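A structural walkthrough
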Amino acid sequence: MTVEAFSPGEVGTALVAVAVDAAGVAGTRPFTYHVPERLHNLQPGEAVLVEFGRRQALGIVLGPADSTPGIKTKPVLERVRADGPLLPPLALRFAAWIADHYLAPPALVLRAMLPPGLLERLELVAELRPGSGGAASDGGSSDGASARGTPESDDPGDRDILAALDGGPRLVRRFTAPEGRAALLRRLRALRASGQIDLDWTLLAAGAGPRYVRHVRRSAAPRPPRLGARQTSALDELELAGEEGILAPDLATRHGGSTVASLARRGLVIVEAREEPRRPLAQRPPGARGSRPRDASFSAEQEAALAAIGTAVEAGDPTPILLDGVTGGGKTAIYAEALRRALEAGRRGLVMVPEIALALPLIDRLRADLQVRVAVLHSGLSDGERADEWRRIRAGEADVVVGTRLAVLAPLDEVGLIVVDEEHDAAYKSDRTPRLQARDAALRLAELATAAVVLGSATPSVESEGRARDGSYRRIRLPIRLSGAAPQVEVVDLRAELAAGHLGMLSRPLIAALATLPPRAQAILVINRRGTASVVLCRDCGHVQACPECTRPLVYHQAGLTLRCHHCGRATPLARRCPTCGSARIRYLGGGTERLEREVRDRFPSLRVGRLDRDVVERRGAATRVVDAFTDGRLDVLVGTSLVTKGLDIPAVTLVGVVSADVALNLPDERAAERTYQLLAQAVGRAGRGEQPGRAIIQTYQPEHPAIVAVATGEPEAFYDAELELRRQFGSPPFGRLIKLTVALADREAAEQAGVGLADQLRAEAAKAAEPIDVAGPAPAFIARRADRWRFNLVLRGARPAAVLGEPQGPPWSVDVDPESLL
């Protein structure tokens, strides 16, 4: 699939590329159809009905297509009526890149860019053609028909159809068909051919359609001399309300439903249905909750950042700007001010955050500081809310779009500034087709829109660090913490805690710190539960058995009782004693937020404790309630996963405790050390942002690990040097690209054999490639069996690993381009 095939512009009467939305469609290329003369004004982004195989299917026109000699094309059958093109030209060009880069079917990409349910209900709708005169009287012709020279049918069946359509458009499936459905369709087509009706395929929104509510307003009819007390009171209220009227349920609640009905029957009021968009932020009053007042002055570093961003916005320069600032360095203030300046220049803004819980503090800040129209997009919205926000964005009724990775797919037709906050976060990677990396996709969107793009992080990803070092990105550092002083960091060796007989999740120093928490001070406790995985660690010396080839931690697989490297596929027997110290005390790491919350409540019954993890976030509105309660000081301790380490700017937080730094550190993935460093540095940065000094306590079995040393000393350069060197050795980003292929079958042996077969095929193709491409595997997936399927991975490495794939593999294979993890 090429980007040019998605190019906008009038299609004309030639060939068009169509993304066909039908079961069984695979691959990244659209299909070519020709446009009949009656559809000569077809535009990119419109929905159409096409023949696909022996069936009819819905499609979306992507743009002009090139002819292929010797290939006979099928015609586009019908235009599907909708509210104009479904997506603007910029979104279509962006969809092209996503389909091409992430090897995803174009129709699935477009589905991801549309509200849920929009393509689900395709209906044939009949309605009177304007000026046709409506239903004829007995044996006669309507004036409209006579004036047009179109004869009115004397057939009673035709007259019944025309009479039914006098009341407005009607779904064809709701017509009675005493002669059968085929005869009904012939009759309808004949009426269309005679010019009396229009017959259109129409996309009717399913559960995500507009919401309509009944309003009551006063009519122009004079008030009668005698009315009941309730009727008089209701009319008085409506006259005060004016043309805006009052919601019918509210009026009925105050004056009685029979009162409203009686007034309507007498013509004293008008009851009408009005579209009322759902507004996710409607019940949230504007205001920067919990954050410090806006300071009109900026530091010299902030001014330099704003100048660079402003210049990029004016010039339409999409060169990424890496805003590399310490936690508390003032990045959010820069985002708000840069957006203000972009809006003043007539450009819209897009702001992305990795988690739903982080969207609200930023939205509060933008609404308070800028007083702009903000649209929000994330998976926590209902289908209706998401659809209404999508419509607002497409109609240009939002100045700034804020959201999680879904926001990068917003139907923007113009954008001048894109901000990716916490650019390093793994949550930007989607685990469903199209498996896009929203940060990387935002960079491409900026190129297509000629927009400035800002990547903000206190702990840049290793890829971004490498690209800043080689000059691909422009780096702006914010080295000074503007809010409070850097916290004191203390590393607790859990081996010593075990030796002293202390077995709880909280170490003695952390218990003492919680016990002496100052009045009105708050604490955050972090447990990186991502590592509920089977990582094996010696509790006496902290040694983790690693691959001798890759130096990556090995993972225990119950099937085969082996330790296996998920990086190179090497298998090693499970050691019964620690290879380093000989201890038999080899255990799995574990623990979770619920257990930690319970332990804190039991030890400190006077502390008010809340929890924020994935289970809480998945409950509608729960994350907002927890974050607001902590921000407003109604909680003393917040327990959570990595969610609590990002975006919270709360001056009252004086203590941060990282309960276990080792679980994610020892995952068998090349990003494990990077993720641990980022989580620890982000967590530590939450403490001490107010007047009181901050303290951070990191509990670990491996205090000498480079990631932990980098956080404890505040000097990450050596850590980044080592990680970049490892990436260079293995050709990983930013020095190469990765593609992960996963096969899933019910039979384990069949799955492994399928992996072996494809690996052999790809190695043969790689041998012919102009550039080196490495094929690793097959190796069992980290979770080897899921949903009754055995899973094996292949990993491709190289400058252009997709070159050996040809057309992407279909089921039982899944393809993940630029995977966030190789597990």
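Conventions used here
- Residues numbered from 1 in each chain as written.
- Predicted model: local features only at pLDDT ≥ 70, side-chain atom pairs only at ≥ 80, totals over all residues.
- Heavy atoms only, no water.
- Helix = DSSP H or I, 4+ residues; strand = E, 2+ residues; numbered from the N terminus.
- Buried < 20%, exposed > 50% of the residue type's maximum accessible area, 1.4 Å probe, protein only.
- Areas by Shrake-Rupley, 256 points an atom, 1.4 Å probe, with all protein chains shown as cover.
- Core = buried A, V, L, I, M, F, W, Y, C linked by side-chain atoms within 4.5 Å.
- Contact = heavy atoms within 4.5 Å.
- Pairing = 2+ DSSP bridges.
- Axes fitted to C-alpha atoms, helices over the stretch in contact; angles between N-to-C directions.
- Salt bridge = Lys/Arg side-chain N within 4 Å of Asp/Glu carboxyl O.
- Phe/Tyr/Trp six-rings, centres within 6.5 Å; stacked < 30°, edge-to-face > 60°.
- Parallel < 35°, antiparallel > 145°, perpendicular 65-115°, else oblique.
- Nonpolar A, V, L, I, M, F, W, Y, C, P; charged D, E, K, R; others polar.
- Arc of directions from axis to C-beta.
- Expected span 1.5 Å × (residues − 1).
- Polar contact = N/O pair within 3.5 Å; in protein donor to acceptor, adjacent residues only side chain to side chain.
- pLDDT = per-residue confidence, 0-100.

It is worth spelling out the overall build of the chain at this point. Across its full length, the chain carries 23 helices and 33 strands. Per-residue burial over the chain gives 55% buried out of 823 residues. Of the roughly 35000 Å² that the chain leaves accessible, carbon and sulfur atoms contribute 50%.

Next up on the list: the nonpolar core. By size, the foremost hydrophobic cluster in this structure holds 83 residues, and its most contacted members are F94, L350, M352, V408, I418, L741 and L762. When sequence neighbours within four positions are dropped, the list of residues in contact with L762 reads L741, V775, L794, L796, V804 and L805. One finds V656, I698, I708 and Y720 within the second-largest nonpolar core, a separate group that totals 37 residues.

Turning our attention to the sheet that holds strand β29 (residues 695–700). Across the sheet, which stays open at both edges, the 6 strands sit in the order β19-β29-β28-β20-β27-β26 with parallel pairing between neighbours. Edge positions in the open sheet fall to β19 (488–493) and β26 (609–612), since each of these has one partner strand only. Here the average twist between neighbouring strands, direction ignored, is 15°. Both strand β20 (residues 522–527) and strand β28 (residues 653–660) contribute to a ladder of 6 bridges, which runs parallel. Across the sheet, residue Q522 finds its bridge partner in β28, namely V653. Lying over the sheet, helix α19 (residues 622–631) contacts β20, β26, β27 (637–640) and β28, oriented at roughly 135° with respect to β26. Packing of helix α20 (residues 672–684) onto the sheet brings it into contact with β19, β20, β28 and β29, and relative to β28 it is tilted by some 155°.

Before going further, it helps to examine the sheet that holds strand β14 (residues 374–377). Pairing within the open sheet is parallel, and its 7 strands lie in the order β14-β15-β13-β16-β17-β12-β18. Here the strands that pair on one side only, and so sit at the sheet edges, are β14 and β18 (474–478). Here the average twist between neighbouring strands, direction ignored, is 20°.

Let us now look at the pattern of salt bridges. Enumeration according to the criterion identifies 48 salt bridges in this entry. R748 is the partner of E752 in a salt bridge, and the nearest nitrogen-oxygen pair spans 3.7 Å. Of this pair, E752 and R748 both sit in helix α23 (residues 748–768), 4 residues apart, which is roughly one turn of the helix. Here E752 falls in the partly exposed class, since its relative accessible area comes to 31%. By relative accessible area, R748 is classed as partly exposed at 29%. Each of the salt bridges in this network shares a partner with another, and the network as a whole consists of D324, E465, R469, R475, R477, E717 and D721.

The topology assignment puts S732 in the loop between α22 (717–730) and β30 (737–745). Under the relative-accessibility criterion, S732 is labelled buried at 1%. Non-local contacts of S732, meaning those with residues more than four positions away in its chain, are made with E670, R727, L738 and R797.

Before going further, it helps to examine the packing of aromatic side chains. Aromatic ring pairs are defined here through the distance separating the ring centres and the angle between the ring planes. Enumeration according to the criterion identifies 6 aromatic pairs in this entry. An angle of 75° between the planes, with centres 5.2 Å apart, marks the rings of F31 and F52 as edge-to-face. Of this pair, F31 sits in strand β2 (residues 31–34) while F52 sits in strand β3 (residues 47–52); the two residues are 21 residues apart in sequence, bridging distant segments of the chain. When its relative accessible area of 16% is taken as the criterion, F52 is described as buried. Between F94 and W97, the aromatic rings sit 6.5 Å apart at their centres with planes inclined by 5°, giving stacked as the arrangement.

Outside of glycine, negative phi angles account for most residues, and trans bonds account for most peptide bonds. Of note, the amide linkage connecting T433 to P434 takes the cis form, showing an omega dihedral of 0°. Summarising the element assignment, P434 is placed in the loop between β16 (417–421) and α13 (438–449). Of note in this structure, L103 is not a glycine but carries a positive phi near 55°. Mapped onto the fold, L103 is located in the loop between α1 (89–101) and α2 (106–113). Positioned with a positive phi, T450 is a non-glycine residue whose angle comes to about 45°. Following the sequence through the fold, T450 ends up in the loop between α13 and β17 (452–457).

Further remarks concern the packing of helix α4 (residues 156–165) against helix α5 (residues 181–193). Helix-helix packing: each pair is described by the crossing angle between the helix axes and the interaxial distance. Remark: α4 packs on α5, axes separated minimally by 11 Å, with the N-to-C direction vectors making an angle of 75°. The orientation of α4 with respect to α5, classified from their angle, is roughly perpendicular. Here G157, D158 and I161 of α4 come into contact with α5, specifically with L184, R187, L188 and L191. Residues of the contact of α4 with α5, tallied by class, amount to 4 nonpolar, 1 polar and 2 charged.

With that settled, the discussion passes to the pairing of strand β31 (residues 773–786). As defined by bridge partners, β31 adjoins strand β32 (residues 789–798) across 8 bridges and the pair is classed as antiparallel. Each residue of the ladder has a partner; that of R786, found in β32, is R789. Here β31 hands over to β32 after 2 residues, with A787 in that stretch at a positive phi of 55°.

Moving on, we get to helix α8 (residues 257–265). Residues of α8 that are buried include every one of T259, V260, S262 and L263, and no others. Taken down its axis, α8 places every buried residue within 160° of arc, on the same side. Across from the buried face of α8, at angles greater than 90 degrees, the exposed residues are S258 and R265.

Glancing now at α22. Under the 1.5 Å per step criterion, the end-to-end length of α22 is 20 Å for 14 residues, consistent within 8% with the ideal 20 Å. Buried residues in α22 make contact with α14 (462–469), α20 and α21 (706–713). With its phi angle positive at about 65°, G731 sits one or two positions after the end of α22.

The next subject is the environment of V492. Along the chain, the position of V492 falls in strand β19. Residue classification places V492 among the buried positions, given a relative accessible area of 5%. Remark: the alpha-carbon pair of V492 and Q699, spanning 207 residues in sequence, is separated by 4.7 Å. Sequence-distant contacts of V492, that is, excluding residues within four places in its chain, are made with E497, S507, P509, I697, I698, Q699 and T700.

Secondary-structure assignment places R439 in helix α13. Reaching out from R439, the side chain makes a polar contact with the backbone oxygen of E423 at a distance of 3.2 Å.

With that out of the way, let us pick up the environment of A312. Of note, A312 is situated in helix α9 (residues 300–315). When the C-alpha positions of A312 and A452 are compared, they lie 5.3 Å apart, and in sequence the two are 140 residues distant. The residues contacting A312, other than those within four sequence positions of it, are D317, I321 and A452.

Take the environment of A442 next. Tracing the backbone shows A442 in helix α13. Its relative accessible area of 0% is what places A442 among the buried residues. Here the alpha-carbon distance between A442 and V419, two residues 23 residues apart in the chain, equals 8.6 Å. Aside from chain neighbours lying at most four places away, what touches A442 is M352, V408, I418 and V420.

Our focus in this paragraph is the confidence of the model for the chain. Averaged over all residues, the pLDDT of the chain is 80; the fraction at 70 or higher stands at 84%. The least confident element of the chain is helix α3 (residues 143–148), whose mean pLDDT is 39; the most confident is α13, at 95. In the model, residues 134–151 has pLDDT below 50 throughout and makes 32 contacts with residues more than four positions away in sequence or in other chains. Every residue in residues 288–293 is under pLDDT 50, and counting partners more than four places away or in other chains gives 16 contacts.

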